[in-house]
Amino acid sequence: MPLSRPLAPMAHPLLEHARRVIATHLAGRDWRQQWPEHLTWPSQGCFVSLKVGERLRGCIGTVLPVRATLEEEVAENALAAATRDPRFAPLRSSELPSVRFSIDLLTPPAPVASPAELDARRFGVLLRSGSRLGVLLPDIPGVTSPQQQIEICLEKAGLPESARYTLECFEVQRFSE
């Protein structure tokens, strides 16, 4: 028997987890009490991005894992993106329904000998100079070249264009609402 309407796409469990963590936090409860015991993926670096329409509303992540499980990594990065991204005021409960979530799972960074090895759509960039660090995810609207990626990373790290730095790249698996 045919369906009368198409099925809605299934949300990835990590996207549902990130939304539930933020909703629980905004309601004044500890998200750990809502822990999805059935989810236990090995940890890896990840970024959680929040958008309203096409406008970024928060983005925080870890290049390498710092927590025991991916669920913890996603939860803490989602909370940080919603409440501690210094570029934005903390998210309010009234905004949550209009927020779209995106989660990027990162491969371990690999050294890059030359910007010619980069591809702005495929690779994210990690720029290091001493203790300063600039990170940019791949496939960002409006960023079409490795040179743009490097310029943005220099700005994020608070470095002049003349700074000496090393480059690393990584790939992502992206889940979006």
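Sequence order sets the numbering: in each chain, residues are counted from 1 along the sequence as written. Residue-level local features of this predicted model are given only where pLDDT is at least 70; pairs of side-chain atoms are given and counted only at 80 or more, and the full residue set underlies all totals for whole chains, interfaces and linings. No hydrogens and no water enter the side-chain calculation; it runs on all heavy atoms of the structure.

**Brief notes about the nonpolar core**
Part 1 of the reasoning: Within the largest apolar cluster, 19 residues are counted, with the highest numbers of intra-cluster contacts made by Ile-22, Val-48, Leu-50, Val-74, Phe-101, Ile-103 and Leu-105.
Part 2 of the reasoning: Of all the secondary-structure elements, those providing two or more residues to this core are helix H1 (13–26), strand E1 (46–52), helix H2 (70–83) and strand E3 (99–106).
Part 3 of the reasoning: The criterion used for residue contact is that any of the two residues' heavy atoms lie within 4.5 Å. Among residues more than four places away in sequence, those in contact with Val-74 are Leu-14, His-17, Ala-18, Cys-46, Val-48 and Ile-103.
Part 4 of the reasoning: Joining through side-chain atoms within 4.5 Å is the link that ties buried Ala, Val, Leu, Ile, Met, Phe, Trp, Tyr and Cys residues into a set, and such a set is a nonpolar core. Under the scheme applied here, a residue whose accessible area is under 20% of the maximum for its type counts as buried, over 50% as exposed, and between as partly exposed, the area being computed with a 1.4 Å probe on protein chains only. Of all hydrophobic cores here, the second largest spans 15 residues; its members include Phe-123, Leu-136, Leu-154 and Ala-163. The way it works is that DSSP assigns letters per residue, a run of H or I at least four long becomes a helix, a run of E at least two long becomes a strand, and they are numbered from the N terminus.

**Overview of the confidence of the model for the protein chain**
A low pLDDT means the predicted coordinates there should not be read in detail.
Part 1 of the reasoning: For the protein chain, the average pLDDT comes to 90, and 90% of its residues sit at 70 or higher.
Part 2 of the reasoning: For every residue, the pLDDT score states the predictor's confidence, bounded by 0 at the bottom and 100 at the top. Confidence over residues 1–8 falls short of pLDDT 50; this stretch has zero contacts with residues more than four positions distant or in other chains.

**Re the packing of H1 against H2**
Part 1 of the reasoning: To obtain each axis, a line is fitted to C-alpha atoms, and for helices this fit is confined to the stretch in contact; angles are then taken between N-to-C directions over 0 to 180 degrees. Remark: H1 packs on H2, axes separated minimally by 9 Å, with the N-to-C direction vectors making an angle of 50°. The orientation of H1 relative to H2 falls into the category oblique. Both H1 and H2 take part in a crossing whose hand is right-handed. Judged by residue contacts, Leu-14, His-17, Ala-18, Val-21, Ile-22 and His-25 of H1 engage Leu-70, Glu-71, Val-74, Ala-75, Ala-78, Leu-79, Ala-82 and Thr-83 from H2.
Part 2 of the reasoning: Here the contact of H1 with H2 is built from residues that sort into ten nonpolar, three polar and one charged. Working definition: roughly parallel below 35 degrees, roughly antiparallel above 145 degrees, roughly perpendicular at 65 to 115 degrees, and oblique for all remaining angles. It is the rotation of the near helix from the far one that decides the hand of a crossing: anticlockwise by less than a right angle makes it left-handed, clockwise makes it right-handed. Amino acid classes used here: Ala, Val, Leu, Ile, Met, Phe, Trp, Tyr, Cys and Pro are nonpolar; Asp, Glu, Lys and Arg are charged; the rest, including Gly, are polar.

**Structural notes on the sheet that holds strand E8 (residues 172–176)**
Two strands in a sheet stick together by hydrogen bonds in their backbones, pointing the same way (parallel) or opposite ways (antiparallel).
Part 1 of the reasoning: An order of E2-E1-E3-E8 is seen for the four strands of this open sheet, with the pairing classed as antiparallel. The open sheet is flanked by strand E2 (55–62) and E8, the only strands paired with a single partner. Each strand of the sheet is rotated relative to its neighbour by a mean of 15°, with strand direction disregarded.
Part 2 of the reasoning: Sheet analysis places E3 next to E8, joined by five bridges and oriented antiparallel. For Ser-102, the partnering residue across the bridge sits in E8 and is Ser-176.
Part 3 of the reasoning: This element, H1, spans E1, E3 and E8 of the sheet and lies at about 125° to E3.
Part 4 of the reasoning: H2 rests against E1, E2 and E3 of the sheet, and its axis sits at about 40° to E1. In this description, strands pair whenever DSSP reports at least two bridges between them.

**What to know about the pairing of E2**
Part 1 of the reasoning: Examined bridge by bridge, E1 and E2 share seven bridges and lie antiparallel to one another. By the bridge assignment for E2, Phe-47 is matched with Gly-61.

**Let's talk about the state of the cysteines**
Part 1 of the reasoning: Note on disulfides: each one is a pair of cysteine sulfur atoms within 2.5 Å. Following the criterion strictly, the structure yields zero disulfides and no others.
Part 2 of the reasoning: With no disulfide partner, Cys-59 has as its closest neighbouring cysteine sulfur the one in Cys-46, 10 Å distant.
Part 3 of the reasoning: In this structure Cys-153 is a free cysteine whose sulfur lies 12 Å from that of Cys-169, the closest cysteine sulfur available.

**What about the pattern of salt bridges?**
If charged atoms from side chains of opposite charge come close, those side chains can pair.
Part 1 of the reasoning: Take a side-chain nitrogen of Lys or Arg and a carboxyl oxygen of Asp or Glu: if they are within 4 Å of each other, that pair is a salt bridge. Summed over the entire model, instances satisfying the criterion amount to nine salt bridges.
Part 2 of the reasoning: Glu-95 is the partner of Arg-57 in a salt bridge, and the nearest nitrogen-oxygen pair spans 3.0 Å. Here Arg-57, found in strand E2, pairs with Glu-95, found in the loop between H2 and E3; they are 38 residues apart in sequence, far enough to count as distant. For the pair formed by Arg-57 and Glu-95, the shared burial category is buried.
Part 3 of the reasoning: For Arg-122, the salt bridge identified is with Glu-171, shortest N-O distance 2.9 Å.

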